[in-house]
Every structure is written in structure tokens, then in C-alpha cells.
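The chain contents come next:
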2 protein chains.
Amino acid sequence: MSERPAHGWQTVREEVLRRIAEKIWRPGDPIPNEADLAAELGCARATVNRALRSLSDDGLLDRRRKGGTRIARQPVGRATIEIPLIRTAIAERGARYGYRLIERQEAVAPGAVSAALGTAADAAFLHVVSLHLADEAPYALEDRWIVLGTVPEARDEGFEAISANEWLVRHLPFTRAESEFSAVPAAAARSGALDTAPGDALIVHRRRTWLGDKPITQVDMTFAPGHRIRTQQ
Amino acid sequence: MSERPAHGWQTVREEVLRRIAEKIWRPGDPIPNEADLAAELGCARATVNRALRSLSDDGLLDRRRKGGTRIARQPVGRATIEIPLIRTAIAERGARYGYRLIERQEAVAPGAVSAALGTAADAAFLHVVSLHLADEAPYALEDRWIVLGTVPEARDEGFEAISANEWLVRHLPFTRAESEFSAVPAAAARSGALDTAPGDALIVHRRRTWLGDKPITQVDMTFAPGHRIRTQQ
DNA sequence: CAGTGGTCTAGACCACATA
DNA sequence: ATGTGGTCTAGACCACTGT
């Protein structure tokens, strides 16, 4: 009958969600403290804590020491986007993956790149531009700057058969990342490789990663027209 | 000297991150099980569990019962975007907030909208279009469909002084949300209100919310040219 | 079957914010 | 000063899954 232990934290979570959905508890309302809820629901306080913490992480509750727990007045919207390997994303759509290297050269990065990553202005970078294809059609243009001081092994890789996207993911973990999404007109530099029509708008995902405090890379992934980025449920 | 209890879960988390960053543990490597790690680090297994679970949530570890814990081969990128009230976002930039209602009428929603929300094809919606301004300049165009079956009180609100964005957030919590980002050319319908130049590209954030299993609304928030969506650190 | 992570419990102490 | 959430502990049982 019951899938979960009758008093598991997910059960508590669902009970709280139910009370919100049925307007037993309304935005701004205080809810009982953990000890009282635990007594009412017949479980340990730690279990209630786990459930309320998960709801608080989701932005549905506001919690303060001494102040207690309230239903959030503005349920903070949070959207979590999963960022797969491009090859994986294409394979999951059931399409054949293709890859083409466009440019690869050592260079000094533009000031904005080195500044954002926190390297010296004259630090050595590897600049790799490539195209990912799904069933022969352009899918995404990858424009990447790799910090050679952190990833010297990249010098020995030609990136002719494997994308920098994939090579990095295989060779180096990261512990911190920043993302930024914006829209650019198809007329922008390099987007010609994407087979766009004049007037198309493209979505760009810029990402920077670090390992500990050492910068690894910045990448601009520009997607073909019509691409959508969805949150996972 | 130490900010946290010497054996808190954050300390364990940082120790694991350190071992990844210093390549003591490499992608794909198994790490000791929870009991062993707890003994090594001198804390309870539950504390180790808390730390490893948080790293697993961040995509840095792969955990499987019986299989043990490994450093992720592909640290799954996850970007979490916070979605503030538009008025709050503008105030945080230090700009003056302005609001203008463009259209408000009861209507049947396009099939794609009712289908995505899961309402009947002929369900009653309120269609509200409005403009948010920062220091008199257009900031975002809000195009919203409200499910009147779920939110009948919206019939009594003119949305002349308060945006639907804000009114909904004040009146109704939600328990589930979906987001989708895309790029559109400035030429697209209605974007004229955003003071765009020909050739501009705009980023659109489409969002749908539910309360329990009842659909609340779908909104397309189209931002002025140059807008960027950043992840929180 | 056996080893691992997932979770629950009961109790305790602590940090913090508020009254 | 006090009540609240945040966390740690030690122990236990369970669910899943690889062997």
C-alpha cells in the first residue's frame, strides 16, 4: 500500500506541500516548530528537519532560528538546468553526432576573458573553436579558451577527433562553475557556421570553470536557431 | 582559529573537494565508504553522509548502493538560476521601477498553452500583457495566461497598478514550476514595446507553475536587448 | 548473498536572532 | 534570556544492487 516508510522525510514533505496546496497554511503563515511537528506526525525531529530543509532549499519555506518557519511569501523561483556533454545531448535526441574542428591556436586571451577567470593578462591560453553537428546539421558552435597554466596537457591534444568539451570533461574535474545565458543575433561573428538565416536569434551559454582556485576554461556555446534550454523537473 | 566545528559536514565536504582538486582522487576513482571515511576523519557516519550527499547533489560524486562512491567522470554541470520578482530585480540594480498595463482580457488560450498546462481546450483564461520599466526604460515584457479555474480572484483585479507577476506571487504559492529559455529576434510580435533596434536578439523566459496538480499560469517574460541570466554562486 | 548507501531515532549541544 | 533551527552522535534497520 504505502511505498515509503510511513514516517519518512518525503512523507513529511508531501504533507507540508499538501497543507500549502489546500491553503491550510498560506503564504506568510508560521508553521509549528520542528519538535511540535515531529510529535504531531509521529516521527523524530531530525526527520522533520530533513523535510523542511528540503522545502526551504526549494524556496517554499523561510526558516530562521528563533523566528521559526513560515510559508514563503514569495516562493523564490529556482530553476536548475542540467548541462550535459553536447555529444550526449545529441545522442539522447536520437541523432547522429558529428564534430568539426574550426580553429586551434595558442594565444593571449582577450582582457575580458583573463579578467573573468582571474589569470594574468598575458597568461597562455589555447583557443579552440569547433562545431557540433546533429545528423549533419549544425547544432552548437563551441568557442573555448583553455588556461594552459592549469591544463598544460591540452598542448598535446589536437582536438581534431575529440571536442574540447569532451576532452576536458574526461581529463579534469572542476569544483566551481559559473554560467550566463544571453541572446545574440545570427549576424554575430562566427555564427555563420551555424547555417542561420538573417534575422535569427541564437541563445548563448557562457560557462567558466575552476578546479579549486585554479581557472580551467571559459566557453561560449552558441546554439542553432530554435534551441531551447529546459529545466529538469 | 576554526570557524566551524572541527568535524562538521562542511569540513568533510571541503576535505573531499581538496582531494579532488589536488588530484589525490581522480575522475572515476572510487573513494572509501562512509564508515571508513568517518573513522578516518573522526566523525559520525551521518556527518560523512551529509557531506557526500551534498557533493552528489552538486554532481561531483556518483553514488550507488553496494557500488560505492566514485568521483564523477563527467561532473554533471548544474546551473541554478534564481527567479526574482521583476520589481525586486530592478530595485536591486538601483533603478526606479515602473509598470504599464498593455492588455487585459478574458479569453481562451492557444492550444499550446492549455495543453502544456493541462487544462481543457476551452478553459477560461485571463490574458495579461504588461511592461516592466527600469528608470523609464523598458526592462521586460510580460505576456501571461492565468487559469481562472484555479485563480478566480484574478477576475476582480484590474492589474493596472500591480503586475500579474507580483499579484500572483502575493496571492498564491506554487508547488511545481517548469522553465524554458529561448532566443527570439526583436522583430517578433509585441516586442516593439521593448524599444528594440532591428537585428536585436531577445532572451525569453517561459515559465509554468502549478499548485498541487492545479495549473496556475504560463508566462513569457521577454527581456530587453543585452539582458543576461546568471547563475547564483 | 553481502556490502553499500539511505534513512530513522533519541538525545544532545550549539549558534543565532529576537523579545 | 529564551526559543528556534542547525548539527553531531551512536546505533539501528532497510533497500538496493553487484557478485
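Look up a bit, the structure's there.
Nothing here was measured: the structure is a model prediction, and the numbers come from that model.

Taken together, 22 residues are adjacent to DNA strand D, and Arg-45 of chain A together with Gly-8, Trp-9, Ala-44 and Thr-47 of chain B come closest. Separating a phosphate oxygen of DNA strand D from a side-chain N or O atom of Arg-50 of chain B is a distance of 3.0 Å. At 3.5 Å, a side-chain N or O of Arg-65 of chain B approaches a base nitrogen of DNA strand D. Secondary-structure elements contributing two or more residues to the surface near DNA strand D are α3 (45-57), β2 (61-64) and β3 (68-71) of chain A together with α3 (45-57) of chain B. For the surface near DNA strand D, the leading source of residues is α3 of chain B, giving four residues. For the surface near DNA strand D, the per-class residue count stands at four nonpolar, seven polar and eleven charged.

Here the focus is the relation of the copies chain B and chain A. For the pair chain B and chain A, the best superposition has an RMSD of 0.0 Å and corresponds to a rotation of 180 degrees with a translation of 0.0 Å parallel to the axis. In the structure described here, the two chain copies are related by an operation that fits a two-fold rotation axis. Across chain B, the rotation axis passes nearest the C-alpha of Thr-80 of chain B, at a separation of 2.2 Å. When the interface residues of chain B are mapped onto chain A, 100% of them again lie at the interface, so the same face is used by both copies.

Let us look at the sheet that holds strand β10 (residues 214-223) of chain A. One open sheet holds the seven strands; their spatial order is β5(A)-β6(A)-β7(A)-β10(A)-β9(A)-β8(A)-β11(B), and the pairing between them is antiparallel. In this open sheet, the two edge strands, each paired with only one partner strand, are β5 (97-108) of chain A together with β11 (229-230) of chain B. Note that strand β7 (residues 137-147) of chain A and β10 of chain A share seven bridges and pair antiparallel. Each bridged residue has a counterpart across the sheet, and for Glu-142 of chain A the counterpart in β10 of chain A is Met-221 of chain A. Sitting on the sheet, helix α6 (residues 164-171) of chain A touches β5, β6 (124-134), β7 and β10 of chain A, and the angle it makes with β7 of chain A is about 50 degrees.

The next thing to look at is the protein's contact with DNA strand C. Contacts to DNA strand C come from 22 residues, most closely from Gly-8, Trp-9 and Thr-47 of chain A together with Arg-45 and Lys-66 of chain B. Sugar plus phosphate, as a fraction of atoms of DNA strand C within 4 Å of the protein: 68%. Interatomic distance of 3.3 Å between a side-chain N/O atom of Asn-33 of chain B and a phosphate oxygen of DNA strand C. Taking Thr-69 of chain B, its side chain carries an N or O atom lying 3.1 Å from a phosphate oxygen of DNA strand C.

Residue and element names in this part refer to chain A. A full pass over the atoms with the stated rule returns 38 salt bridges over all chains. Between Glu-166 and Arg-170 there is a salt bridge; the shortest N-O distance is 3.2 Å. Of this pair, Glu-166 and Arg-170 both sit in helix α6, four residues apart, roughly one helical turn. Given the relative accessible area of 5%, Glu-166 is considered buried. Salt-bridge contacts for Glu-178 lead to Arg-176; the nearest nitrogen and oxygen are separated by 3.8 Å. Judged by relative accessible area, which is 27%, Glu-178 ranks as partly exposed. Residue classification places Arg-176 among the partly exposed residues on the basis of a relative accessible area of 30%.

All right, on to the nonpolar core then. Formed by 36 residues in total, the largest nonpolar core has its most connected members in Tyr-139 of chain A together with Tyr-139 of chain B. Judged by nonpolar contacts, the second largest core, of 34 residues, contains Ile-162, Ala-164 and Ile-216 of chain A together with Ala-21 of chain B.

Accessible area lost when the parts come together is the quantity often used to give the size of an interface. Counting from both sides, the interface comprises 51 residues of chain B and, opposite them, 52 residues of chain A. Taken together, both faces of the contact between chain B and chain A bury some 4,500 Å²; the carbon and sulfur share is 55%. Across the chain B-chain A interface, the total number found is six salt bridges. Here Arg-78 of chain B and Glu-82 of chain A are joined by a salt bridge, their closest N and O atoms 3.0 Å apart. The tally of links between chain B and chain A comes to 13 residue pairs in polar contact (both at pLDDT 80 or more). Those elements that place two or more of their residues in the side of chain B that touches chain A are α1 (9-21), α3, β4 (77-83), β8 (176-185), β9 (201-211) and β11 of chain B.

Thresholds applied
- Residues numbered from 1 in each chain as written.
- Chains lettered and ligands numbered in written order.
- Predicted model: local features only at pLDDT ≥ 70, side-chain atom pairs only at ≥ 80, totals over all residues.
- Heavy atoms only, no water.
- Near = heavy atom within 4 Å.
- Polar contact = N/O pair within 3.5 Å; in protein donor to acceptor, adjacent residues only side chain to side chain.
- Helix = DSSP H or I, 4+ residues; strand = E, 2+ residues; numbered from the N terminus.
- Nonpolar A, V, L, I, M, F, W, Y, C, P; charged D, E, K, R; others polar.
- Least-squares fit on C-alpha atoms with pLDDT ≥ 70 in both.
- Contact = heavy atoms within 4.5 Å.
- Pairing = 2+ DSSP bridges.
- Axes fitted to C-alpha atoms, helices over the stretch in contact; angles between N-to-C directions.
- Salt bridge = Lys/Arg side-chain N within 4 Å of Asp/Glu carboxyl O.
- Buried < 20%, exposed > 50% of the residue type's maximum accessible area, 1.4 Å probe, protein only.
- Core = buried A, V, L, I, M, F, W, Y, C linked by side-chain atoms within 4.5 Å.
- Buried area = accessible area lost by both parts, 1.4 Å probe.

What is shown is where atoms sit, not what they do.
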